[in-house]
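The residues making up each chain are set out below.
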Amino acid sequence: VKSRASRFCCLIARSNFGNTRSGIYNSISEIERVACPGQLFRNEEPLGAGYPRKIEYLRDFAFTICPENSLAPGYTTEKLFHAVEAGCIPIYWGDQPSEPKILNNDRIIRFDPKHAQEGAERVRALWSNKQELAQFISQPGMMLGAGQAVRGYFDRLRSAIEEAMSDRGENEWR
């Protein structure tokens with residue numbers, strides 16, 4: 001999926017859990033206006049419900065601020081995957097590296113609130129150099145073999161569920 005990248009950056013969020021989103025938002029807003037259709041910092045019309053609408057909206061942006069609500073090893077939610085699917089560059093705070101067998105971590109801008117200026121400068125550099133921005137966005141969002149890695153996760157989950165069911169005396173997967 002190709003990004004249309006006609007707009008700078010967006011943040012779609014309901015809350016500022018842990019104040020992480022506000023720190024990133026404030027740093028990135030110094031570069032250019034960040035569009036916010038969610039409840040947090042709303043400055044645009046709300047998107048309304050629906051995953052397809054969110055992906056379509058994200059496609060208009062070069063960047064999206066998409067931090068996790070909390071930091072834990074191996075914890076990665078849908079936020080990064082939505083950015084990758086839409087073709088925009090995630091500005092991310094969370095586990096590092098995130099799903100290294102699935103996501104191309106070279107296509108993610110890591111934002112460390114303790115070093116906010118570094119993350120903001122990387123965004124500024126890309127946004128001010130359209131050729132470099134286009135090269136960055138053109139990198140694959142997923143790793144080669146990502147499908148096999150996801151299949152492996154599902155196979156292990158299925159085995160664990162089947163084992164748990166057999167321990168309870170249930171002998172059929174439905």
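About the thresholds
Residues numbered from 1 in each chain as written. Predicted model: local features only at pLDDT ≥ 70, side-chain atom pairs only at ≥ 80, totals over all residues. Heavy atoms only, no water. Buried < 20%, exposed > 50% of the residue type's maximum accessible area, 1.4 Å probe, protein only. Helix = DSSP H or I, 4+ residues; strand = E, 2+ residues; numbered from the N terminus. Pairing = 2+ DSSP bridges. Right-handed = clockwise from strand over helix to strand, strands pointing away. Contact = heavy atoms within 4.5 Å. Patch = residues over 30% accessible without salt bridge, like charges linked within 9 Å, V, L, I, M, F, W, Y side chains within 5 Å. Areas by Shrake-Rupley, 256 points an atom, 1.4 Å probe, with all protein chains shown as cover. Salt bridge = Lys/Arg side-chain N within 4 Å of Asp/Glu carboxyl O.

In this section: the pairing of strand β1 (residues 7–11). Of all the five residues making up β1, four are buried; the element is thus mostly covered by neighbouring parts of the structure. In this structure, β1 lies alongside strand β2 (residues 34–35), joined through two bridges in parallel fashion. The residue of β2 that forms the bridge with Cys9 is Val34. With helix α1 (residues 20–29) bridging β1 and its parallel neighbour β2, the resulting β-α-β unit is right-handed.

Bringing the environment of Lys54 into the picture now. Mapped onto the elements, Lys54 comes out in helix α2 (residues 51–58). Beyond its immediate sequence surroundings of up to four residues, Lys54 is in contact with Ile12, Leu47 and His82.

Taken together, Phe154, Leu157 and Ile161 make up a surface patch of nonpolar side chains, about 280 Å² in accessible area. Looking at the element boundaries, Leu157 is found in helix α6 (residues 146–167). Note on Leu157: relative accessible area 46%, which makes it partly exposed.

Two side chains carrying opposite charge are able to pair once their charged atoms lie near each other. Summed over all chains, the structure comprises eight salt bridges. One salt bridge connects Arg151 with Asp155, and the closest N-O pair in it is separated by 3.2 Å. On the criterion of helical spacing, the pair formed by Arg151 and Asp155 is a turn pair, its members being four residues apart in helix α6. Through salt bridges with shared partners, a single network forms among Arg7, Arg33 and Glu44.

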